[in-house]
Amino acid sequence: MAHLSISSSAADQIRVVLAERGHGLGLRVSVKPSGCSGYSYVLDFADEVNEEDAVFVDHGATVYVDTEALTVLDGSEVDYVKDGLNRYFRFNNPNVKDECGCGESFSV
């Protein structure tokens, strides 16, 4: 069975953006072929549960992942990082073998 965890800081941020937005069930995470290394992460709001979704709940926040993306995301942690003025979701993905220089894409 696939596993994905959500850090407490990511869970806090998911709750904040959903509250600001005023609706939604959680964060939707997928991957798409892209960039120079192969894949990139795609983030969106989940407003409904799709039949093909795997659902992960941690620290009171929910992340929905299309089952086709699970092989790439299995074992990952969704984190939220504050680095100076930059704030972003980061994926600690043990399946990544290489990343492009700009950090926008990865290969498994």
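Residues numbered from 1 in each chain as written. Predicted model: local features only at pLDDT ≥ 70, side-chain atom pairs only at ≥ 80, totals over all residues. Heavy atoms only, no water.

Caption draft 1: The pattern of salt bridges, seen in detail. This model, assessed by the stated rule, comprises four salt bridges. The salt bridge partner of Arg-15 is Asp-12, with a shortest N-O separation of 2.4 Å. Taken together, the positions of Arg-15 and Asp-12, both in helix α1 (residues 8-21) and three residues apart, correspond to about one turn of that helix. Here Asp-79 makes a salt bridge to Arg-90, at a shortest N to O gap of 3.3 Å. Residue Asp-79 is located in strand β6 (residues 76-83), and its partner Arg-90 is located in strand β7 (residues 86-92); the two are separated by eleven residues in the primary sequence. (Salt bridge = Lys/Arg side-chain N within 4 Å of Asp/Glu carboxyl O. Helix = DSSP H or I, 4+ residues; strand = E, 2+ residues; numbered from the N terminus.)

Caption draft 2: Summary view of the packing of aromatic side chains. Within the structure shown, the criterion is met by two aromatic pairs. The interplanar angle of 15° and the centroid separation of 4.0 Å between the aromatic rings of Tyr-41 and Phe-91 together place this pair among those described as stacked. In this pair, Tyr-41 sits in strand β3 (residues 38-46) while Phe-91 sits in strand β7, placing the two residues 50 residues apart along the sequence. Classification of Tyr-41 by relative accessible area gives partly exposed; the value is 25%. Of the residues examined, Phe-91 reaches a relative accessible area of 12% and is grouped as buried. Look at Tyr-80 and Phe-89: their rings are 5.1 Å apart centre to centre, the planes differ by 65°, and that puts the pair in the edge-to-face class. With relative accessibility at 13%, the residue Tyr-80 sits in the buried group. (Phe/Tyr/Trp six-rings, centres within 6.5 Å; stacked < 30°, edge-to-face > 60°. Buried < 20%, exposed > 50% of the residue type's maximum accessible area, 1.4 Å probe, protein only.)

Caption draft 3: View of the side chain of Asn-93. Along the polypeptide, Asn-93 turns up in the loop between β7 and β8 (98-99). Residue classification places Asn-93 among the buried positions, given a relative accessible area of 9%. Here the side chain of Asn-93 touches Val-72 through a polar contact of 3.0 Å, landing on its backbone oxygen. At 2.8 Å, the side chain of Asn-93 and the backbone nitrogen of Asn-95 are in polar contact. (Polar contact = N/O pair within 3.5 Å; in protein donor to acceptor, adjacent residues only side chain to side chain.)

Caption draft 4: Spotlight on α1. The end-to-end C-alpha distance of α1 is 20 Å, a good match for the 20 Å that 14 residues give at a rise of 1.5 Å each. Those residues of α1 not exposed but buried are Ala-10, Ala-11, Gln-13, Ile-14 and Leu-18. Here the buried residues of α1 occupy an arc of 165° about the axis, which is enough to place them on one side. Residues of α1 that are exposed and point over 90 degrees away from its buried face: Ala-19 and Glu-20. Immediately downstream of α1, the backbone of Gly-22 shows phi near 90°, a positive value. (Expected span 1.5 Å × (residues − 1). Arc of directions from axis to C-beta.)

That's the geometry; what it means functionally is another story.
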